[in-house]
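Report on the structure
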Amino acid sequence: MSTAIAVPVSLAEIARIAGVGRAAVSNWRRRHDSFPSRIGGTDVSPQFSLAEVEKWLRDNDKLKDVGGREFLWPRFEALGSRDESGLAIAESARRMRAPRARIAAPDLSTEARELIGEAARLGRSEGPRETFEFLLQRWLDTHVRQLSTTPPQLATLMTRIALGTRLGEDDGGLTVFDPACGTGHLSAAAAQVHHGSDLTLLGCERDPALAALASARLGFATEGRDVSVEIATADALRDDPFADLRADIALCNPPFNERDWGYEELATDQRWTHGLPPRTEPELAWVQHLLAHLRPGGTVVVVLPPAVASRKAGRRIRGSLLRTGLLRAVVALPPGSAQPHSVSLQLWVLRAAPQGSAAGPASQDALLVDATRFGKAGSREPGPEWEALTDFVLSAVAELDKPESTLPEGAVRVPLLDLLDDEVDVTPGRYTASSTEPSGVELAASWDDLAGSLTELTNLVQHLSKLGFEGGEPQTTATVGDLVKAGALTLGAGQQPSDTKTPDRDTAVPLLTVADLLMDGTPSTLLAPSAAQTVAETGDVVVAGVVRAFKAWVHEGPPIALGPQLYALRVDPEKLNAHFLAGCLRAPANGRQAGTHASSSSRIDIRRLHVLQLPLEEQAGYAETFRRLTSFEQLLTRAHHLGKGLVNDVSDRLAAGGLTAGR
């Protein structure tokens, strides 16, 4: 595909297009005089013309099996605003499926309209659904800090809970409702899980770009099936477009902690049958909105923050939901299940009474399920153990209507009399012992995990213990300052940002500081790109230049701004191996000899740190050994935490009695 407009792309984007690492692109730039010149950005984060890059890659045979969609995405990103790029992707999807369809968003720019036509043609040649999903995912990844999405695994779990707990048959088909649908994750999951005929998917979204993308996604998800889809663009609480709707199931991941949800103008709304939600409890407004759209026997499954289960302001409404038998189950999810990832979110399962049933609840209890133990604590992979989590939650919820049943460990039926106290707290962890008393299966899994870590440690010990060190003359070294002068690397010093204004979360860059390193290493601040003085990119060596946090590592991941006393070293790959450099720099003796005491805190003079002088081919062997040494250190830490946890857990179990083996 040719690209006629000057679209800027970064080195990371070029690497993604060409299917290589960022270091390879930097190498091309140094070795080939014909490589396109920089058109913008900074020396640290340069930008190049997409059209010139595409031509250079093709002329130099640097493209592998790369489809046109890789060149397509930067042009959508270059449209500027999040809304215009999102609407353009949605319009492209419509044109892929219906080439003669007229553009439904008349305010799109001329550039966007031309891009829509090209994207539609490319989609029809490379696969419409695949092209749309690629563009949608890149759009979501780009705006991840601005948008809240529901992971596919969680959407599927919610759908299966709703279908498994609702009462009644599909006499007139199945109607699924989501009043805050975003880009349609929950509705798409419902279309995938429910294979019956006559399915109706109804959604509402106040953001026009998200609503358009949801419609496009569901168009592909229901293609070739007897499914009716309608996504309305409106504020569901203030201006309900489906006021008369009664759905079989309602799925929702509503916005959290929104104070301006319509408290004043909706004070006398008929939906508040369990009480007017306090201004600080918008989530309980969404819960009652969902219940108002259920037909008898219908089920709601909604994602809520954990505070909704215990906040004092909402206890009256929680009590009413329990007394009327509507709130049937609360499931506590492990952190990382959905945004915000640091919070243990909850699923509330609510069900309307079936047609002709008595006014009182069918049973005088509620099911509370604590699934927080299925998080990947200490794992390198984010998110919970979805398969185990799904099996556990579904097995617990399957017992919802069985008066005499055996619940899995971590799930408990709590009588309403115990819940309807002064607090009306429905937090599962308050009533289950799963978080403090692991099951036998969990203990066995922890022992297996520890055994695996010890096996890896043993293998590393066998390798590292065989390292030989020759005596004799000391090896020649060079300082970082010498390497900078020789052009083997460039050195950038982190700075205190001058612009402290709240940045646009869509374009903000995370700022790493020494204080963050002393905590857990997670950046706690965001900066506007213009305020980021020194930015580390993938492949750069980052050094903390203060004794109490001294370390050096090769940065992996998206660009990150560096604060004071942090440094970015970018190597010339023809002269230095980044992992070799990081390994040499982080040697404790190296840090001690380069330390200064010019202030109250001991700092490291980065330019005085020493690096072995070795040919590039020999550096690779050292780099691999440094990597193994780092893995050894990480495994030691992991084994320590696992072992300490097992000692505590087994001690608790022993103190509670019931020992059956190994006495």
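Right, let's walk through the structure included here. (Residues numbered from 1 in each chain as written. Predicted model: local features only at pLDDT ≥ 70, side-chain atom pairs only at ≥ 80, totals over all residues. Heavy atoms only, no water.)

**Examining the overall build of the chain**
In terms of helices and strands, the chain carries 20 helices and 24 strands. Per-residue burial for the chain yields a buried fraction of 48% across its 663 residues. Taking contacts inside the chain between residues at least 6 apart in sequence as the whole, the part at least 24 apart equals 73%. Of the accessible surface of the chain, which amounts to about 32000 Å², a share of 50% is contributed by carbon and sulfur atoms. (Helix = DSSP H or I, 4+ residues; strand = E, 2+ residues; numbered from the N terminus. Buried < 20%, exposed > 50% of the residue type's maximum accessible area, 1.4 Å probe, protein only. Contact = heavy atoms within 4.5 Å. Areas by Shrake-Rupley, 256 points an atom, 1.4 Å probe, with all protein chains shown as cover.)

**Observations concerning the pairing of strand β15 (residues 509-512)**
Judged by which residues are buried, β15 turns out to be covered on both faces: Val-509 and Leu-511 on one side and Pro-510 and Leu-512 on the other are all buried. One ladder, built from three bridges, connects β15 with strand β16 (residues 525-527); its direction is antiparallel. Directly across from Leu-511, in β16, lies its bridge partner Thr-525. (Pairing = 2+ DSSP bridges.)

**Considering the sheet that holds strand β21 (residues 566-571)**
Spatial ordering of the open sheet is given by β14-β21-β18-β19, a layout of four strands whose pairing is antiparallel. Both outer strands of the open sheet, β14 (489-493) and β19 (551-554), are each paired with one neighbouring strand and no more. Averaged over all pairs of adjacent strands, the angle between strand axes in this sheet comes to 20°, irrespective of strand direction. As paired elements, strand β18 (residues 541-544) and β21 share four bridges and run antiparallel to each other. Looking across to β21, one finds that Val-543 is bridged to Tyr-567. Helix α18 (residues 578-585) rests against β14, β18, β19 and β21 of the sheet, and its axis sits at about 170° to β19. (Axes fitted to C-alpha atoms, helices over the stretch in contact; angles between N-to-C directions.)

**Let's talk about the side chain of His-185**
By secondary structure assignment, the location of His-185 is in helix α9 (residues 185-193). Ignoring anything within four residues of it in the chain, the contact list for His-185 reads Leu-140, Thr-149, Thr-150, Ala-155 and Arg-217.

**So, the side chain of Arg-75**
Within the fold, Arg-75 resides in helix α4 (residues 68-77). Assessed through its relative accessible area of 6%, Arg-75 is described here as buried. There is a polar contact of 2.8 Å between the side chain of Arg-75 and the side chain of Glu-118. (Polar contact = N/O pair within 3.5 Å; in protein donor to acceptor, adjacent residues only side chain to side chain.)

**Points about helix α10 (residues 208-221)**
In an α-helix there are 3.6 residues to a turn, and that puts residues three or four apart on one side. An ideal rise of 1.5 Å per residue puts 20 Å on 14 residues; α10 measures up with 20 Å between its terminal C-alpha atoms. Listing the buried residues of α10 in full gives Ala-209, Leu-210, Ala-211, Leu-213, Ala-214, Ala-216, Arg-217, Leu-218, Gly-219, Phe-220 and Ala-221. The inward-facing, buried residues of α10 contact α5 (82-97), α7 (128-142), α9, β5 (199-204) and β6 (227-232). (Expected span 1.5 Å × (residues − 1).)

**Considerations on the packing of helix α6 (residues 110-126) against α7**
Packing of α6 against α7 leaves a shortest axis separation of 6 Å and a crossing angle of 125°. It follows from the interaxial angle that α6 and α7 lie oblique. Facing α6, whose interface residues are Leu-122, Gly-123, Arg-124 and Glu-126, α7 presents Pro-128, Glu-130 and Thr-131. Tallied by class, the residues present in the contact of α6 with α7 amount to two nonpolar, two polar and three charged. (Parallel < 35°, antiparallel > 145°, perpendicular 65-115°, else oblique. Nonpolar A, V, L, I, M, F, W, Y, C, P; charged D, E, K, R; others polar.)

**What about the pairing of β6?**
Relative to β6, β5 is paired through six bridges, and the arrangement is parallel. Within β6, the residue paired with Gly-203 across the bridge is Ile-231. Handedness of the crossover is the feature at issue here: the chain leaves β5, passes through α10, returns alongside β6, and the resulting connection is right-handed. (Right-handed = clockwise from strand over helix to strand, strands pointing away.)

**Brief notes about the pattern of salt bridges**
Evaluated as defined, the whole model comprises 27 salt bridges. Arg-138 is paired through a salt bridge with Glu-13; the nearest N and O atoms lie 3.2 Å apart. A residue pair is termed long-range when its members are at least 10 positions apart, and Arg-138 in helix α7 and Glu-13 in helix α1 (residues 11-18) qualify at 125 residues. When the shortest N-O distance is used, the salt bridge between Asp-425 and Arg-430 registers 3.5 Å. Ionic contacts of the salt-bridge type, sharing partners, join the residues Asp-235, Arg-238, Asp-260 and Glu-265 into one network. (Salt bridge = Lys/Arg side-chain N within 4 Å of Asp/Glu carboxyl O.)

**Here we look at unusual backbone geometry**
Most peptide bonds are trans, and most residues other than glycine sit at a negative phi. In this structure, the amide linkage connecting Gln-339 to the following residue, Pro-340, adopts the cis form with an omega of -5°. Positioned with a positive phi, Asp-61 is a non-glycine residue whose angle comes to about 55°. Note that Asp-61 resides in the loop between α3 (50-59) and α4. Residues other than glycine seldom take positive phi values, yet Gln-565 does so here, at roughly 70°. As for its placement among the helices and strands, Gln-565 is situated in the loop between β20 (560-562) and β21. Relative accessible area serves as the criterion here: at 18%, Gln-565 is assigned to the buried category.

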